[in-house]
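Here is what each chain is made of, one letter per residue.
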Amino acid sequence: MSDDDKSDSKNGSKSDGRNDPGEARLRAELPEEVPAAASEAVDGRTADVAAGEVPGPSLTGRQRLVKGLWPPRVTRAQLIVALLLFGLGFGLAVQVASTSDSDGALRGARQEDLVRILDELDDRTQRLEDEKQGLEDQRTELENSSDQAEEARKQTVEKERQLGILAGTVAAQGPGITLTIEDTKGTVEADMLLDAIQELRAAGAEAIQVNGVRVVAGTYLADEDGGGVSVDGNKIDAPYRFKVIGKPQDLEPALNIPGGVVQTLEKEQATATVERADKIVVDALRAAKQPDYARSSSR
Amino acid sequence: MIAVLGLVVGVVAGLLVRPEVPAVVEPYLPIAVVAALDAVFGGLRAMLDGIFDDKVFVVSFLSNVVVAALIVFLGDKLGVGAQLSTGVVVVLGIRIFSNAAAIRRHVFRA
């Protein structure tokens, strides 16, 4: 800075020295960073010159500017300055163009800024990756738990159906036998039917119904006055038709063994017929009863 | 007049050609442009003062550009490139303003 000004001042003292040595001395003595004082001095000088009626060499700045601009003179100085100004204008335009590009923010950034931006982006990426990982874990967990809940629900439904068959709350079908007891003489009593039911159960019967009444664990049989039997309080009359689901190969022999149910009934003048069937439908239902006092002790 | 034409032609050429700035020069170009602007204002003031000399102008122009670029280069090497280039821009800006003030006094007499 000071070098440039000094060279300007020296230059000024050289060029103005011929015309006005006092002015040159004044300019040289002036502080460099006070252009106002300098220009005031120049203005004062110009006024003096104008008052002194000296034309030509001591022009005002404005006149010098106009003279320099017009008429155009092709001199070595003008050409060199034009070349330099061309370079300046070129650089200016290029810089402005490159700064106003879409990626100008990054293009103009310095190396350390770019490194910092890159670091920040890396950090951000890392954070987002972590977050994504956490969310994915959460999702997997939720999916697993919902799978488990679904599985548990299926098992519960399955178990409910199995227990429902045992408890008589749902219909059941499958292979089995039908046992028909004809009682023309009225000699069949409740205990005989109970024996038949016990025998069937012992042989692995899974669902039993008698004349439209489901036989379950708590079923009781009683003789009715005037013939007939009541099953769980429902009076049924001969012929007694047992529909039994179980393995036919086990159930039939169990009834037919010597001294078994069939022989006992025949001894009492009743006829018992056993038929195997591939498909027995036990569709008599029993209302599910909520126990009043007993509660599940599991869990 | 030729000089003003040179400036105008340079701006137009820079806008039309739109060359890719080489990566080596890229950090120095803005500072160099500001330094050259400072030299140009200094030259304009000298011309209005009637003390313009083309040799001084050329030397100050080139040395301004080179020194500015050198300072930025040195700052980059020292790790204070951003601060140093800010300082250079501030100093050059002050000079440009003081030169502009002198020019203003010449042209508008105010």
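This is a predicted model, so every value here is computed, not measured.

Colleague: Pulling in residues and values, what's your account of the pattern of salt bridges?
Modeller: All names here are of chain A. Counted by the stated rule, this structure contains 10 salt bridges over all chains. Residue Arg161 is joined to Glu158 by a salt bridge in which the shortest nitrogen-to-oxygen separation is 3.9 Å. In this pair, Arg161 and Glu158 both sit in helix 7 (residues 111–167), three residues apart, roughly one turn of the helix. Here Asp232 ties to Arg286 by a salt bridge, and the two come within 2.0 Å at their closest N and O atoms. Within this pair, whereas Asp232 is found in the loop between strand 5 (229–231) and strand 6 (234–236), its partner Arg286 is found in the segment after strand 8 (271–282), the two being separated by 54 residues in sequence. Look at the salt bridges and you will find they share partners, linking Asp113, Arg116 and Glu120 into a network.

Colleague: Quick rundown of the interface of chain A and chain B? Include the residues and the values.
Modeller: Opposite the 52 residues of chain A that make contact, chain B presents 56 residues. Here chain A meets chain B over a buried area of about 4800 Å², counting both sides, of which 65% is carbon and sulfur. A per-residue breakdown of the area chain A buries against chain B is headed by Leu84(A), Leu88(A) and Arg110(A), which together make up 13% of the total. Counting the contacts that link chain A with chain B gives one salt bridge. Of the charged contacts, one joins Asp54(B) and Arg76(A) as a salt bridge, the two residues approaching to 3.6 Å between their closest N and O atoms.

Colleague: Could you give an account of the nonpolar core, with specific residues and numbers?
Modeller: All names here are of chain A. Counting residues in hydrophobic clusters, the biggest one holds 32 residues, and the most contacted among them are Ile181, Leu200 and Phe242. The element contributing the most residues to this core is helix 8 (residues 190–202), with six residues. In this structure, Phe242 is in contact with Ile177, Thr178, Leu179, Ile181, Leu193, Ile197, Leu200, Ile208, Gln209 and Val210, ignoring residues within four places of it in sequence.

Colleague: I'd love a proper account of the packing of helix 5 (residues 76–99) of chain A against helix 3 (residues 54–78) of chain B, names of residues and values included.
Modeller: Orientation of helix 5 of chain A relative to helix 3 of chain B, taken along the N-to-C sense of each, is 20°, at an axis distance of 10 Å. As far as their axial angle goes, helix 3 of chain B and helix 5 of chain A are roughly parallel. The way helix 5 of chain A lies across helix 3 of chain B gives a crossing that is left-handed. Residue-level inspection shows Arg76(A), Ala77(A), Ile80(A), Val81(A), Leu84(A) and Leu88(A) of helix 5 of chain A in contact with helix 3 of chain B, the latter providing Asp54(B), Phe57(B), Val58(B), Phe61(B) and Leu62(B). Along the lines of polarity and charge, the residues of the contact of helix 5 of chain A with helix 3 of chain B split into nine nonpolar, no polar and two charged.

Thresholds applied
- The residue numbers shown here count from 1 along each chain, following its written sequence.
- Lettering of chains starts at A and numbering of ligands starts at 1, both following the order in which they are written.
- For this predicted model, a pLDDT threshold of at least 70 governs which residues receive local features, and a threshold of 80 or more governs which side-chain atom pairs are given and counted, while totals over whole chains, interfaces and linings are taken from all residues.
- Note that the side-chain values use all heavy atoms of the structure and ignore hydrogens as well as water.
- Criterion for a salt bridge: a side-chain nitrogen of Lys or Arg within 4 Å of a carboxyl oxygen of Asp or Glu.
- Every helix listed is a DSSP run of H or I at least four residues long, and every strand listed is a run of E at least two residues long, numbered separately from the N terminus.
- Any two residues having at least one pair of non-hydrogen atoms within 4.5 Å are treated as being in contact.
- Simply put, the buried area is the total loss of 1.4 Å probe accessible area from both parts when two parts are fitted together.
- For this analysis, a nonpolar core means a set of buried residues of the types Ala, Val, Leu, Ile, Met, Phe, Trp, Tyr and Cys, connected via side-chain atoms within 4.5 Å.
- Whether a residue is buried, partly exposed or exposed follows from its accessible area with a 1.4 Å probe, protein chains only, as a fraction of its type maximum: under 20%, in between, or over 50%, in that order.
- Between N-to-C directions, angles cover 0 to 180 degrees, with each direction set by a line fitted to C-alpha atoms, over the stretch in contact for helices.
- Roughly parallel here means an angle under 35 degrees, roughly antiparallel means over 145, roughly perpendicular means 65 to 115, and every remaining angle is called oblique.
- For any helix crossing, the convention is left-handed if the near helix is rotated counterclockwise from the far helix by under a right angle, and right-handed if that rotation is clockwise.
- Three classes are used, and their members are as follows: Ala, Val, Leu, Ile, Met, Phe, Trp, Tyr, Cys and Pro are nonpolar, Asp, Glu, Lys and Arg are charged, and the others, Gly among them, are polar.

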